[in-house]
Amino acid sequence: MHNPESNGTDGRRSEPCCQSASSFEHWLTGLVGLAVTALVALVAYSSVVSMAEPLRYLSSTAVLFLFISLWIAFWAVLEVLWEWRAGRLVAG
């Protein structure tokens, strides 16, 4: 029996299923992540500063590092959620 698609491929096309995210979406998720980080900073700032106080001269660096890390983490989670909601997140 002859299979017309027996050329080594499984018959799928290599075209993308949908468009990629626009730069506006990346900016928006970054700004929302920054806003969430600012809210967390307003609520937890005094606790974070008191925990970093034993580091003496490096305490301000530790606080800044923590909040920048939180911003990046929130941004990454929002990007993944946005892509999943838009149907552009493809496993594998």
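Here is a short report on the structure shown in this document. (Residues numbered from 1 in each chain as written. Predicted model: local features only at pLDDT ≥ 70, side-chain atom pairs only at ≥ 80, totals over all residues. Heavy atoms only, no water.)

For the structure shown, the criterion picks out one aromatic pair. Ring geometry for Trp 71 and Trp 75: centres 5.5 Å apart, planes at 25°, overall stacked. You can see Trp 71 and its partner Trp 75 sitting in helix 2 (residues 59-86), four residues apart, about one turn around the helix. Overall, Trp 71 belongs to the partly exposed group, its relative accessible area being 27%. For Trp 75, a relative accessible area of 29% puts it in the partly exposed group. (Phe/Tyr/Trp six-rings, centres within 6.5 Å; stacked < 30°, edge-to-face > 60°. Helix = DSSP H or I, 4+ residues; strand = E, 2+ residues; numbered from the N terminus. Buried < 20%, exposed > 50% of the residue type's maximum accessible area, 1.4 Å probe, protein only.)

All right, on to the side chain of Arg 88 then. By the secondary structure assignment, Arg 88 is in the segment after helix 2. Assessed through its relative accessible area of 19%, Arg 88 is described here as buried. Here the side chain of Arg 88 touches Glu 25 through a polar contact of 2.9 Å, side chain to side chain. (Polar contact = N/O pair within 3.5 Å; in protein donor to acceptor, adjacent residues only side chain to side chain.)

A few words now on the pattern of salt bridges. Within the structure shown, the criterion is met by two salt bridges. Here Glu 25 and Arg 88 are joined by a salt bridge, their closest N and O atoms 2.9 Å apart. One end of the pair, Glu 25, is in helix 1 (residues 23-52); the other, Arg 88, is in the segment after helix 2, and 63 residues separate them in sequence. Exposure class is identical for Glu 25 and Arg 88. Each is buried. (Salt bridge = Lys/Arg side-chain N within 4 Å of Asp/Glu carboxyl O.)

With that settled, the discussion passes to the nonpolar core. Taken as a class, soluble globular proteins show a tendency for nonpolar side chains to be buried jointly. In terms of nonpolar packing, the biggest core is built from five residues, these being Ala 41, Val 48, Ala 52, Val 63 and Phe 67. When residues of this core are traced back to their parent elements, those giving at least two are helix 1 and helix 2. No other element matches helix 1, which puts three residues into this core. (Core = buried A, V, L, I, M, F, W, Y, C linked by side-chain atoms within 4.5 Å.)

With 30 residues, helix 1 ought to run about 44 Å at 1.5 Å a step, yet its terminal C-alpha atoms sit only 36 Å apart, falling short of that. At Ala 44, helix 1 shows its maximal bend, which comes to roughly 65°. Residues of helix 1 that are buried include every one of Glu 25, Thr 29, Gly 30, Gly 33, Thr 37, Ala 41, Val 48 and Ala 52, and no others. Those residues of helix 1 that are buried lie in contact with helix 2. (Expected span 1.5 Å × (residues − 1). Bend = angle between axes of the 7 residues up to and from the residue. Contact = heavy atoms within 4.5 Å.)

Another point: the side chain of Glu 25. Given the relative accessible area of 15%, Glu 25 is considered buried. Within the local environment of Glu 25, its side chain forms a polar contact with the backbone nitrogen of Ser 22, the two atoms lying 3.0 Å apart. In terms of polar contacts, Glu 25 uses its side chain to reach the side chain of Trp 82, at 3.4 Å.

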